[in-house]
Amino acid sequence: GIQVEQSPPDLILQEGANSTLRCNFSDSVNNLQWFHQNPWGQLINLFYIPSGTKQNGRLSATTVATERYSLLYISSSQTTDSGVYFCAVERYSGAGSYQLTFGKGTKLSVIP
Amino acid sequence: NAGVTQTPKFRVLKTGQSMTLLCAQDMNHEYMYWYRQDPGMGLRLIHYSVGEGTTAKGEVPDGYNVSRLKKQNFLLGLESAAPSQTSVYFCASRAGYQPQHFGDGTRLSIL
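Conventions used here
- Residues numbered from 1 in each chain as written.
- Chains lettered and ligands numbered in written order.
- Predicted model: local features only at pLDDT ≥ 70, side-chain atom pairs only at ≥ 80, totals over all residues.
- Heavy atoms only, no water.
- Helix = DSSP H or I, 4+ residues; strand = E, 2+ residues; numbered from the N terminus.
- Rg over C-alpha atoms; globule rule 2.2 N^0.38 Å.
- Disulfide = S-S within 2.5 Å.
- Buried < 20%, exposed > 50% of the residue type's maximum accessible area, 1.4 Å probe, protein only.
- Salt bridge = Lys/Arg side-chain N within 4 Å of Asp/Glu carboxyl O.
- Pairing = 2+ DSSP bridges.
- Axes fitted to C-alpha atoms, helices over the stretch in contact; angles between N-to-C directions.
- Contact = heavy atoms within 4.5 Å.
- Buried area = accessible area lost by both parts, 1.4 Å probe.
- Nonpolar A, V, L, I, M, F, W, Y, C, P; charged D, E, K, R; others polar.

**So, the overall build of chain A**
When its secondary structure is counted, chain A shows 0 helices and 11 strands. If you list the helices and strands of chain A from N to C, you get β-β-β-β-β-β-β-β-β-β-β. Relative to its length of 112 residues, chain A is compact, with a C-alpha radius of gyration of 14 Å against a globular reference of 13 Å. Seen through its C-alpha atoms, chain A measures out along the principal axes to roughly 50 × 25 × 20 Å.

**Focus: the state of the cysteines**
One pass over the structure, following the stated rule, counts 2 disulfides over all chains. Residue pairing for Cys-23 of chain A: its cysteine sulfur links by disulfide to Cys-87 of chain A, the two sulfurs lying 2.0 Å apart. Since a negative S-S torsion denotes a left-handed disulfide, the Cys-23 of chain A-Cys-87 of chain A link at about -60° is left-handed. On the criterion of sequence distance, the pair formed by Cys-23 of chain A in strand S3 (residues 19–25) and Cys-87 of chain A in strand S9 (residues 83–92) is long-range, its members being 64 residues apart. Each member of the pair, Cys-23 of chain A as well as Cys-87 of chain A, carries the same accessibility label: buried. At a sulfur-sulfur separation of 1.9 Å, the disulfide partner of Cys-23 of chain B is Cys-91 of chain B.

**Topic: the pattern of salt bridges**
All names here are of chain B. With the rule as written, the count across this model stands at 6 salt bridges over all chains. In this structure, Arg-36 and Asp-38 form a salt bridge, with 3.0 Å as the shortest nitrogen-oxygen distance. The same class applies to Arg-36 as to Asp-38, namely buried. Linking Arg-44 and Asp-38 is a salt bridge whose minimum nitrogen-to-oxygen distance equals 2.7 Å. The two residues Arg-44 and Asp-38 agree in class, both being buried. Each of Arg-36, Asp-38 and Arg-44 takes part in a single network of salt bridges with overlapping partners.

**Quick look at the pairing of strand S11 (residues 106–110) of chain B**
Residue and element names in this part refer to chain B. Residues Thr-106, Leu-108 and Ile-110 of S11 are buried on one face, while the alternating residues Arg-107 and Ser-109, pointing to the opposite face, are not. Note: strand S2 (residues 10–13) against S11, 4 bridges, orientation parallel. Note on S11: the bridge partner recorded for Arg-11 is Leu-108. As paired strands, strand S9 (residues 87–94) and S11 are joined by 3 bridges and run antiparallel to one another. Looking across to S11, one finds that Tyr-89 is bridged to Thr-106.

**Looking at the sheet that holds strand S6 (residues 52–56) of chain A**
All names here are of chain A. Taken together, the 5 strands give an open sheet; going across it, the order is S1-S3-S8-S7-S6, and neighbouring strands pair in antiparallel fashion. For this open sheet the edge positions go to strand S1 (4–7) and S6, each flanked by a neighbour on one side alone. Direction aside, the axes of adjacent strands within the sheet are offset by 15° on average.

**Digging into the interface of chain B and chain A**
With 21 residues of chain B in contact, the opposing surface of chain A contributes 23 residues. Both faces combined, the contact of chain B with chain A buries some 1800 Å², and carbon together with sulfur accounts for 51% of it. On the chain B side of the contact with chain A, Leu-43, Tyr-97 and Phe-102 of chain B bury the most area, a combined 29% of that side's loss. The interface formed by chain B and chain A includes 1 salt bridge. Within the residue set of the side of chain B that touches chain A, elements represented by two or more residues are strand S4 (31–38), strand S5 (42–49), S9 and strand S10 (101–102) of chain B. The class makeup of the residues in the side of chain B that touches chain A is 12 nonpolar, 6 polar and 3 charged.

Geometric values such as these leave the question of function open.
Below you can see the structure in the form of structure tokens.
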């Protein structure tokens, strides 16, 4: 199956700092999503981004499908950004279904 | 708008007991999914459904069964719970080729 690798596994930032999270995947995909899992365990959709660049406030994401990677940028980090960030890639699995394969995540801690 | 609702939120079982986790969505989505999340492993797909009355196996289906008798509900069953099934279980749904929407999870501990 497809492999999804995220780096770094852990990241500690001072509030106000910027960061870049990376997601590499081993094969062509139909789509890619970034999620934030907050400290309460809820999964929040951040971006649905098969290619190109999208921005939402202080967060932006870029996917270069031909080179099999995606980047998530967090600017001016806040303590509420803490949690685990997951990259998940999507491939057609037959019988009309697309399945997500998740990476292991990047655990981000933003300290005041 | 409730979105995806999982019941129960927490449960403790003894080895060998059975139980059913319920996922309900009110968005009229065709596709529904069950995942498990273990520490350091990310989410892994257990079973999924592409429509009412259909189910299919995901990456880690052993020890679980599912049913989709109604479009809005997707049930995950453990017939004989084992400690290895201690995990956080997430349900998700989607409409066609759109992002998946996740429930808040069910924390299941098996002693």
